[in-house]
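# Descriptive structure summary
Here is how the chains run, residue by residue.
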Amino acid sequence: MITGSEMAVVDANAAALGVPRKQLMESSGNAIARTARQLAEAGDSVTIVAGRGNNGGDALVAARFLDEFDPRIRLLGRAETITTEIARENWDALQRCAYDTTEVRDSTAVDVGDPDLVVDAMLGTGISGSLREPAATAARAINDSDAVVLSVDVPSGLDAETGDLADNAVDPDHVVTFHDTKPGLGDLDAPVTIADIGIPDAAQSFVERGDLLRLSRDPQSHKGDHGEVLVVGGGPYAGAPALTAQAALRAGADLVRVACPTAVADEVQGYSENLIVRPFEGRHFEPEHVDALAALASDHDALVVGPGLGDDEASLDAASALLERVDGTVVVDADALQVAPDVQTDAELICTPHQGELVKMGGGTADDWRERRGLVESFAAEIGHTLLVKGAADVISDGETTRVSRTGNPGMTVGGTGDVLAGVTGAFAATQRPIHAAAMAAFVNGRAGDIVYEKYDYGLVATDLVDAIPAAKQPDE
């Protein structure tokens, strides 16, 4: 099963991999037409009620494959307001081919006629709540007709995120959905056909630009809605936690605080006036600091532990104790990784090892990402946390879902790029599920590296990546 928003991610990933939406729409239209032929008999009449989005566009394609039924197409709204170029192209094709097409500009103009089959393609997977006009009147007319009703992807009025069905939704006799079933379809009193429209498995296994659609923001957002991140690190090193914090800000976190020893606090603050530093006494992170930092972490949406922390035994004991005390989502990086496999915690951990660190944690690795994928998945299932294993191809798994990100270049072997990745992961983890946060972070971090490689070649440094993060987050090139 796949939600409507996840289906949008997969569609966009397929396009990024070279299978354009126009091709998928053509396949979807063929699938609708095949199902329609199974439901209609020779000589039957067919009316297509189409919306102005890609759901309607799929049905406009289907019309061209239903000539034997002399289809009538009713578009809800004005043609000039069709929302996508590919749907508009298919409407224009029907016009040029002299199909029976009508624009339904308001509810008073709704007339589905008396067909034998109605194709409901008014609203697709991105709609929630009760139907508004003219779709509400059209749905009522469809439900009141004696026609067999075929809904496209989901019945108009079904929320493909929650499975909730609006009171005034279309009541279908059959549904043809694409790629996978959607929430709520199993609860309908109607058979569902799942059509393969040619989306490759790679659109879900590889992380691609479509994944970044998850980062879209509500225009009415307020300060703090997009996450507050706490970075715990520093002592032996000051640059690492500063890089992590700056990367988290560039990745979209609203507020980032750095908890670090007083010995390096001024140095960390000096990297940027955007950082909020919360120093604790001493030169290292030690067990006596855990209570205060656990309380501070509870006020944040995500915690990053490890950058610049060092491998002092007391610091590792403190890191382990902190992980045991917190809940929520925690990104574990650098030296703190070695305590993660054995820690008992209510938190969801995202561990970000390179392959050498993974082996020290107890996991297995391989040069080929195809073989490594299975090893990472098994180890993630064993320790019960999400892994983001860095390499020429990054492998991300929570033990159930496994993704591969192929962005990045050999210039990123320079020190500090892992600290940047930890910050990006922390920012995304503040608002996203761990598997999604880790997958997008791997993709964005590597893509930022590819952007700066164009300018600096193998002379790129980690601070270059920080400035490239906003561009790397954009879903479209």
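Below is a summary of the structure that appears in this document. Bear in mind the structure is a predicted one, so any value in this text is a computation, not a measurement.

### Observations regarding the nonpolar core
In terms of nonpolar packing, the biggest core is built from 54 residues, with Val-229, Val-268, Val-420, Val-424, Phe-428, Val-444 and Ile-469 touching the most fellow members. Sorting the residues of this core by element identifies strand E8 (228-232), helix H7 (239-250), strand E9 (255-261), helix H8 (262-271), strand E11 (302-305), helix H13 (417-429), helix H14 (434-456) and helix H15 (462-472) as the ones contributing at least two each. Counting residues per element, this core draws most heavily on H14, which supplies 11 residues. In contact with Phe-428, other than residues within four places in its own chain, are Leu-215, Ala-251, Ala-437, Met-440, Ala-441, Val-444 and Lys-473. Core analysis: the second largest hydrophobic core is formed by 39 residues, Ala-33, Tyr-99, Leu-117 and Ile-197 among them.

### So, the sheet that holds strand E14 (residues 386-389)
With mixed pairing, the 9 strands of this open sheet are ordered in space as E10-E9-E8-E11-E12-E13-E14-E15-E16. The open sheet has two edge strands, strand E10 (276-280) and strand E16 (402-405), and neither has a second partner. Across the sheet, the axes of successive neighbouring strands diverge by a mean angle of 15 degrees, strand direction being ignored. Pairing of E11 with strand E12 (residues 329-332) involves 4 bridges; the strand directions are parallel. Within the sheet, the bridge partner assigned to Val-305 lies in E12 and is Val-332. Sheet contacts for H14: E12, strand E13 (348-351), E14, strand E15 (394-397) and E16; angle to E15, the most-contacted strand, approximately 170 degrees.

### Things to note about the sheet that holds strand E2 (residues 72-76)
Spatially, the 7 strands line up as an open sheet ordered E3-E2-E1-E4-E5-E6-E7, and their pairing is parallel. With partners counted over all chains shown, the strands left at the sheet margins are strand E3 (100-104) and strand E7 (192-195), one partner each. The sheet shows a mean angle of 20 degrees between the axes of neighbouring strands, taken without regard to direction. Where strand E5 (residues 148-152) meets strand E6 (residues 174-178), 3 bridges bridge the pair, whose relative direction is parallel. Opposite Val-152, over in E6, you have Val-176 as the bridge partner. Sitting on the sheet, helix H4 (residues 85-96) is in contact with E2 and E3, with an inclination near 130 degrees to E3.

### Some details on the side chain of Thr-244
Its place among the elements puts Thr-244 in helix H7. Ignoring anything within four residues of it in the chain, the contact list for Thr-244 reads Val-231, Val-304, Pro-307, Asp-419, Ala-422 and Gly-423.

### Structural notes on the packing of H13 against H15
Two elements in contact, H13 and H15, have axes separated by 8 Å at closest approach and are oriented at 30 degrees. The orientation of H13 with respect to H15, classified from their angle, is roughly parallel. The chirality of how H13 crosses H15 is right-handed. In this structure, H13 contributes Thr-417, Val-420 and Val-424 to the contact, and H15 contributes Ala-462, Leu-465, Val-466 and Ile-469. Of the residues in the contact of H13 with H15, the class split is 6 nonpolar, 1 polar and no charged.

What counts, and at which threshold
- Residues numbered from 1 in each chain as written.
- Predicted model: local features only at pLDDT ≥ 70, side-chain atom pairs only at ≥ 80, totals over all residues.
- Heavy atoms only, no water.
- Core = buried A, V, L, I, M, F, W, Y, C linked by side-chain atoms within 4.5 Å.
- Buried < 20%, exposed > 50% of the residue type's maximum accessible area, 1.4 Å probe, protein only.
- Helix = DSSP H or I, 4+ residues; strand = E, 2+ residues; numbered from the N terminus.
- Contact = heavy atoms within 4.5 Å.
- Pairing = 2+ DSSP bridges.
- Axes fitted to C-alpha atoms, helices over the stretch in contact; angles between N-to-C directions.
- Parallel < 35°, antiparallel > 145°, perpendicular 65-115°, else oblique.
- Left-handed = near helix turned anticlockwise from the far one by under 90°.
- Nonpolar A, V, L, I, M, F, W, Y, C, P; charged D, E, K, R; others polar.

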